[in-house]
Amino acid sequence: MDTQRELDTRGLNCPLPILKAKKALAEMNSGQMLKVIATDPGSMRDFQAFARQTGNELVEQSNVADEFIHVLRRR
């Protein structure tokens, strides 16, 4: 998947991955995509709620080994 920016939040717990993603998305243009790599299992539901609340599209979520990948499209 073609993302314009990647954010490494490995080792950070809620709410830090969300806060860092929010800041990164604010610096991006509408339609651009952000990939977030996290190790917090709670990030799966956190990013779902974040997308619903902010209007940014949650394009994809996956779990690879002990990492959780979230791809968001800026509204």
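Up top you'll find the structure we're talking about.
Report follows, based on the coordinates. Keep in mind that what you see is a predicted model, and the values were worked out from it rather than measured.

Quick look at the side chain of Asp-40
In this structure, Asp-40 sits in the loop between strand S2 (33-38) and helix H2 (43-54). Salt bridges are absent for the buried Asp-40, whose nearest opposite-charge side chain, Arg-45, sits at 6.0 Å. Reaching out from Asp-40, the side chain makes a polar contact with the backbone nitrogen of Cys-14 at a distance of 3.0 Å. Engagement of the side chain of Asp-40 in a polar contact is seen with the backbone nitrogen of Gly-42, the distance being 3.0 Å. If sequence neighbours within four positions are ignored, Asp-40 has contacts with Leu-12, Asn-13, Cys-14 and Phe-68.

Some remarks on the nonpolar core
In terms of nonpolar packing, the biggest core is built from 12 residues, these being Leu-7, Ile-18, Ala-21, Ala-24, Leu-25, Met-28, Leu-34, Val-36, Phe-47, Phe-50, Ala-51 and Leu-72. Contributing elements (two or more residues each) for this core: helix H1 (16-26), S2 and H2. No other element matches H1, which puts 4 residues into this core.

Describing the side chain of Asp-46
You can see Asp-46 is positioned in helix H2. For the buried Asp-46, which has no salt bridge, the nearest side chain bearing the opposite charge is Arg-45, at an N-O separation of 4.1 Å.

Quick notes on the pairing of strand S1 (residues 5-9)
Here S1 pairs with S2 via 5 bridges, running parallel. Bridging from a neighbouring strand, Glu-6 pairs with Lys-35 of S2. Regarding topology, H1 serves as the crossover connection from S1 to the parallel S2, and that connection is right-handed.

Looking at the packing of H1 against H2
For the pair H1 and H2, the least separation of the axes is 10 Å and the interaxial angle reads 40°. Classified by the interaxial angle, the pair formed by H1 and H2 is oblique. Handedness of the H1/H2 crossing: right-handed. In this structure, H1 uses Pro-17, Ile-18, Ala-21, Lys-22 and Leu-25 to contact H2, whose residues at the interface are Asp-46, Phe-47 and Phe-50.

What counts as what
- Each chain has its residues counted from 1, running along the sequence as written.
- pLDDT decides what is reported in this predicted model: residues at 70 or higher carry local features, side-chain atom pairs at 80 or more are listed and counted, and totals for whole chains, interfaces and linings draw on all residues regardless.
- To get the side-chain values, take all heavy atoms of the structure and skip hydrogens and water.
- Strands are runs of DSSP state E lasting at least 2 residues, helices are runs of H or I lasting at least 4, and numbering of each runs from the N terminus.
- Accessible area is worked out with a 1.4 Å probe on protein chains only. A residue is then buried under 20% of its type maximum, exposed over 50%, and partly exposed in between.
- In this count, Lys and Arg are taken as positive residues and Asp and Glu as negative ones, while His and the chain termini are left out.
- Salt bridge, as applied in this entry: a Lys or Arg side-chain nitrogen positioned within 4 Å of an Asp or Glu carboxyl oxygen.
- The definition of a polar contact used here is a pair of N or O atoms within 3.5 Å, where within protein one atom must be able to donate a hydrogen and the other to accept one, and adjacent residues in sequence count solely through side-chain atom pairs.
- In what follows, a contact means two residues having at least one pair of non-hydrogen atoms within 4.5 Å.
- Among buried residues, those of type Ala, Val, Leu, Ile, Met, Phe, Trp, Tyr and Cys that are joined through side-chain atoms within 4.5 Å constitute a nonpolar core.
- Pairing between strands requires that DSSP locate at least two bridges from one strand to the other.
- Handedness of a crossover is defined as follows: with both strands directed away from the viewer, a clockwise route from the first strand across the helix to the second makes it right-handed.
- Only the stretch in contact is used when a helix axis is fitted, and all axes are lines through C-alpha atoms; the angle between N-to-C directions ranges over 0 to 180 degrees.
- If an angle is under 35 degrees, it is roughly parallel; if it is over 145, roughly antiparallel; if it lies from 65 to 115, roughly perpendicular; otherwise it is oblique.
- We call a crossing left-handed when the near helix sits turned anticlockwise from the far one by less than a right angle, and right-handed when that turn is clockwise.

By themselves, these are just geometric observations and shouldn't be taken as functional.
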